[in-house]
Amino acid sequence: MLRGATIAGMIVVNNPGTWSAVYPPLLHADWHGWTYTDTIFPFFLFVVGASIPFSFGRRAAQGAGRRELLRHTLWRALALFGIGLALNLLSLLLFHRAHLRIPGVLQRIALCFLAAAAIWLFGGRRGALLGAIVLLGGYWALMALVPVPGFGVGRYDLQGNLAAHVDRLVLGAHTWKPGWDPEGPLSTLPAIATTLLGVLCGARLREPDAGERKVTWLIGWGWVLALLGLAWSRVFPINKNLWTSSYALFMGGLAAASLAVLYWAIDMRSARRGLAPFLWLGRNAIGAFVASTVVTIVLIAIKVTGPDGKPRSLWSTIFRTVFDRFADPRLGSLLFALAYLGVWLLIFRALDRRRLYWKI
């Protein structure tokens, strides 16, 4: 359920009618700080982690050994990375970009899934906890202590931070923005820790004790993580683009608390009314992300002639013709995004009824 809600949020924030008119909570924070939009990606990674103990436990019960589990994990990670790279290639070709971007959302999911699954497979709960601590503490130490040529140490601004320096060294021009990438190699380390926090919560949910104790544990764990993240942010600011350790802890705490609420409402109180759309998306999460992204790219790439005789995208034409009808254009932009989500909900409702799922 949390995975489906996250995908729904992702579709809405990624697809406004126009980027020039968006309500502030539906935009990423400019740099330090966070908005609702900044919760979406870490929540998804958290859910990826939480599913690992269940997936591995089910496969192990069917007789899969460690080698088979690791082989399956590697295959899934390679497939996700390849699909993400293919989306970047599609964007390169249709928009005639100068360079192919190598990182991306699916690429980061692939790397985090692979690392977290391997740590869980070989280290169990203790390994996951130790891994998260080492990754978060190590990332902070690197960012705070390693000097960046031309900038010095302890810089968390756009160009002077170590993560951006690594992006320039490793990726060169193959980044989202010139000189840095929000899904770059170094900042993937704390993102793996976010996934491991999900692993720990998933392992707790698999235990056979009473549901009330699980809810209490998840909420308590969530509060501890969130408060630690807020405390850490005084010296290492909450920042999604850098995926700072404080951001990873804070978002992990919010995700754990959200999971507790949904577990209590759905699994313990059977309060499923009105939540079915999130199930449709959650069961086809990767398919929903990929399909909605491809259609967005294509609609933006297709050019039509506007009333002024100038070419504009089909995406913009639909927005201006149907939704740009309000004094505040942000409302029309939001309604466009919600309508776009509604279309995909209908599609994945039909697929769910036919039990058609895209599994990797």
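Heads up: the structure comes first, above all this text.
Rules used throughout
Residues numbered from 1 in each chain as written. Predicted model: local features only at pLDDT ≥ 70, side-chain atom pairs only at ≥ 80, totals over all residues. Heavy atoms only, no water. Helix = DSSP H or I, 4+ residues; strand = E, 2+ residues; numbered from the N terminus. Buried < 20%, exposed > 50% of the residue type's maximum accessible area, 1.4 Å probe, protein only. Areas by Shrake-Rupley, 256 points an atom, 1.4 Å probe, with all protein chains shown as cover. Lys, Arg positive; Asp, Glu negative; His and termini not counted. Charge placed at Lys NZ, Arg CZ, Asp CG, Glu CD. Phe/Tyr/Trp six-rings, centres within 6.5 Å; stacked < 30°, edge-to-face > 60°. Axes fitted to C-alpha atoms, helices over the stretch in contact; angles between N-to-C directions. Parallel < 35°, antiparallel > 145°, perpendicular 65-115°, else oblique. Contact = heavy atoms within 4.5 Å. Nonpolar A, V, L, I, M, F, W, Y, C, P; charged D, E, K, R; others polar. Core = buried A, V, L, I, M, F, W, Y, C linked by side-chain atoms within 4.5 Å.

Caption draft 1: Inspection of the overall build of the protein chain at higher detail. If you tally the helices and strands in the protein chain, you get 12 helices and 2 strands. Ordering the α and β elements of the protein chain from the N terminus gives α-α-α-α-α-α-α-α-α-α-β-β-α-α. Along the first, second and third principal axes, the C-alpha set of the protein chain runs to 65 × 55 × 40 Å. Each of the 360 residues in the protein chain was classed as buried or not, and the buried ones make up 50%. When the accessible surface of the protein chain is split by element, carbon and sulfur atoms take 66% of a total near 17,200 Å². Here the protein chain carries 36 positive and 15 negative side-chain charges, and the mean point of each set is 7 Å from the other.

Caption draft 2: Looking closely at the packing of aromatic side chains. All chains considered together, the criterion is met by 15 aromatic pairs. Between Trp31 and Trp180 the ring centres are 5.9 Å apart and the planes differ by 85 degrees, which places this aromatic pair in the edge-to-face class. Pair noted here: Trp31 is in the loop between helix H1 (2-14) and helix H2 (40-61) and Trp180 is in the loop between helix H5 (162-171) and helix H6 (188-206), with a separation of 149 residues, a long-range link. Exposure remark for Trp31: the relative accessible area of 16% places this residue in the buried category. Seen from their ring centres, Trp344 and Phe348 are 6.1 Å apart, and the 35 degrees between their planes marks the pair as tilted.

Caption draft 3: Region of interest: the packing of helix H9 (residues 276-283) against helix H12 (residues 329-353). Relative to each other, H9 and H12 sit at 75 degrees, their axes nearing to 9 Å. As judged from the angle between their axes, H9 and H12 are roughly perpendicular. In contact with Pro277, Trp280, Leu281 and Arg283 of H9, H12 contributes Leu341, Leu345, Phe348, Arg349 and Asp352. Considering only residue class, the contact of H9 with H12 consists of 6 nonpolar, no polar and 3 charged.

Caption draft 4: Representation of the nonpolar core within the structure. Formed by 100 residues in total, the largest nonpolar core has its most connected members in Ile7, Ile52, Leu106, Ile109, Met143 and Leu281. Among the elements that take part in this core, helix H4 (residues 105-145) stands out by supplying 15 residues, more than any other. Once you skip the residues sitting within four places of it in the chain, Ile109 turns out to touch Phe41, Phe44, Leu45, Val48 and Leu80.

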